[in-house]
Amino acid sequence: MANLKLSSKMHIMVIVSALVIAIGLAVGLVCQFLAGGFFNYGAEYSSYNMVAVDYAFVDLSSFGDEDGIKDVCDEEFEKVGVSYYAFTSGDTNGGGELVFKFNKNTDEANVKKAAEAIHTRLNTEREGYTPSKLSNAYFHSVETDLGGSKAFIYGSIAVASAMVLQFIYFAIRYKLTMAFSALLANVHNVALFVALAAITRVPLGSSVFTFGALTVLMTMAGCAFLFDKMRKKFKDESFAKLDAFEQVDACAKDSFMSIAFTSVCIAAAAVAVFVLLAISSLSVALIVTPAVLALLGAVASFYGTAFFTPAVYSRFKKIGEDFKANRTPNKTAKKS
């Protein structure tokens, strides 16, 4: 890092970023037409078929218990050769309900056939069991509407609001060129995060908006370290005499470890929270997606803030200084 002159590597950084985003776009578009979605949507955003079994007023003693009713369902699913990927159960006023979820590509006719068989068994009289005729097992197809997701709406609003507030804060505390650079860094890093999510095909749920917001948070913290170094170093006369490129390179070097440490710590803290949630729900699968998303967010934020932003900001700073220098002679001439 000591010998890396980021100010002279802007074109390389832009090419690398554009290439990653273009690959993400290409992979997403191919999967949109051939694999059912731009992203690899997890169960939360996937359309599915379901069988709901309402065993209200069923004499459980004839089935053993709730597990006995589930065994009946499993037997009928096995007979028609279908398997579910998720199962939930709950109590109702007169009994309970079992819900089985199937992938959308599961043979719908066989799932319906199993539901009808379960309904028949629950409502057929046999020795020691007189059904109430109120039990039911029915098939239902669920189509998920991604555009109507509240998580998408509120997550987008949160990310956009954070970017705007950062721009205003940086414009007031630092300089306008720094505010524009920080805004560009946020847009760039979020775009990189989205592209990496499309390329890696990690299963996405509503947690992706949490890590999108954390990517913005990591970027905000990293930009604050970079521009705060710049602001403090301007008090040094020897630093002020350097040209824009040398100043940015020096500050990028000094803030490098702080940016890396911040990205790692925020990502690790987020993963720790999701791990605790997974432990409480006894689900190991809940750990995988957050861990991968945290890694993608940290990579996007670190690269975008420690490498891409200094390279681009050096050009912004040079343009600002040239504009100021060109205006100064004009003002002097007018005064004369």
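The sections below set out a description of the structure shown in this document. (Residues numbered from 1 in each chain as written. Predicted model: local features only at pLDDT ≥ 70, side-chain atom pairs only at ≥ 80, totals over all residues. Heavy atoms only, no water.)

**With respect to the pairing of strand 3 (residues 96-103)**
Here is step 1: As paired strands, strand 1 (residues 48-54) and strand 3 are joined by seven bridges and run antiparallel to one another. Bridge assignment links tyrosine 48 to a residue of strand 3, and that residue is asparagine 103.
Here is step 2: With six bridges joining them, strand 2 (residues 86-91) and strand 3 adopt antiparallel strand pairing. Looking across to strand 3, one finds that phenylalanine 87 is bridged to phenylalanine 100. (Pairing = 2+ DSSP bridges. Helix = DSSP H or I, 4+ residues; strand = E, 2+ residues; numbered from the N terminus.)

**A word on a nonpolar patch on the surface**
Here is step 1: Together, Leu25, Leu29, Val30, Phe33 and Leu34 make up an exposed nonpolar region whose accessible area comes to about 570 Å².
Here is step 2: In this fold, leucine 34 is placed in helix 1 (residues 10-34).
Here is step 3: Overall, leucine 34 belongs to the exposed group, its relative accessible area being 74%. (Patch = residues over 30% accessible without salt bridge, like charges linked within 9 Å, V, L, I, M, F, W, Y side chains within 5 Å. Areas by Shrake-Rupley, 256 points an atom, 1.4 Å probe, with all protein chains shown as cover. Salt bridge = Lys/Arg side-chain N within 4 Å of Asp/Glu carboxyl O. Buried < 20%, exposed > 50% of the residue type's maximum accessible area, 1.4 Å probe, protein only.)

**Notes on the pattern of salt bridges**
Pairing is possible between side chains of opposite charge, provided their charged atoms come close.
Here is step 1: This structure, assessed with the given rule, holds eight salt bridges.
Here is step 2: A salt bridge links lysine 79 to glutamate 76, with the shortest nitrogen-to-oxygen separation between them at 3.4 Å. Here lysine 79 and its partner glutamate 76 are both found in helix 2 (residues 66-80), three residues apart, which amounts to about one turn of the helix.
Here is step 3: Note on glutamate 76: relative accessible area 7%, which makes it buried.

**Overview of unusual backbone geometry**
Here is step 1: Residue arginine 201 is not a glycine yet carries a positive backbone phi of 60°.
Here is step 2: Inspection of the secondary structure assignment puts arginine 201 in the loop between helix 5 (176-200) and helix 6 (207-233).

**Some points on the side chain of aspartate 249**
Here is step 1: Counting through the fold element by element, aspartate 249 comes out in helix 8 (residues 244-280).
Here is step 2: On the basis of relative accessible area, aspartate 249 is assigned to the buried category, the value being 13%.
Here is step 3: When neighbours within four sequence positions are excluded, aspartate 249 is seen to be in contact with Lys5, Leu6 and Ser7. (Contact = heavy atoms within 4.5 Å.)

**Some points on the nonpolar core**
Across soluble globular proteins, nonpolar side chains show a tendency to be buried alongside one another.
Here is step 1: In this structure, Phe211 and Phe227 are the most contacted members of the largest nonpolar core, which totals 48 residues.
Here is step 2: Counting only elements with at least two residues in this core, the list comes to helix 1, helix 5, helix 6, helix 8 and helix 9 (285-335).
Here is step 3: The leading source of residues in this core is helix 9, at 12 residues.
Here is step 4: Leave out the neighbours within four places in its chain, and phenylalanine 211 touches Phe193, Ala270, Phe274, Pro290, Leu293 and Ala294.
Here is step 5: Counting 18 residues, the second largest nonpolar core, distinct from the first, contains Cys73, Val82, Leu98 and Ile118. (Core = buried A, V, L, I, M, F, W, Y, C linked by side-chain atoms within 4.5 Å.)

Purely geometric stuff here, so don't read any function into it on its own.
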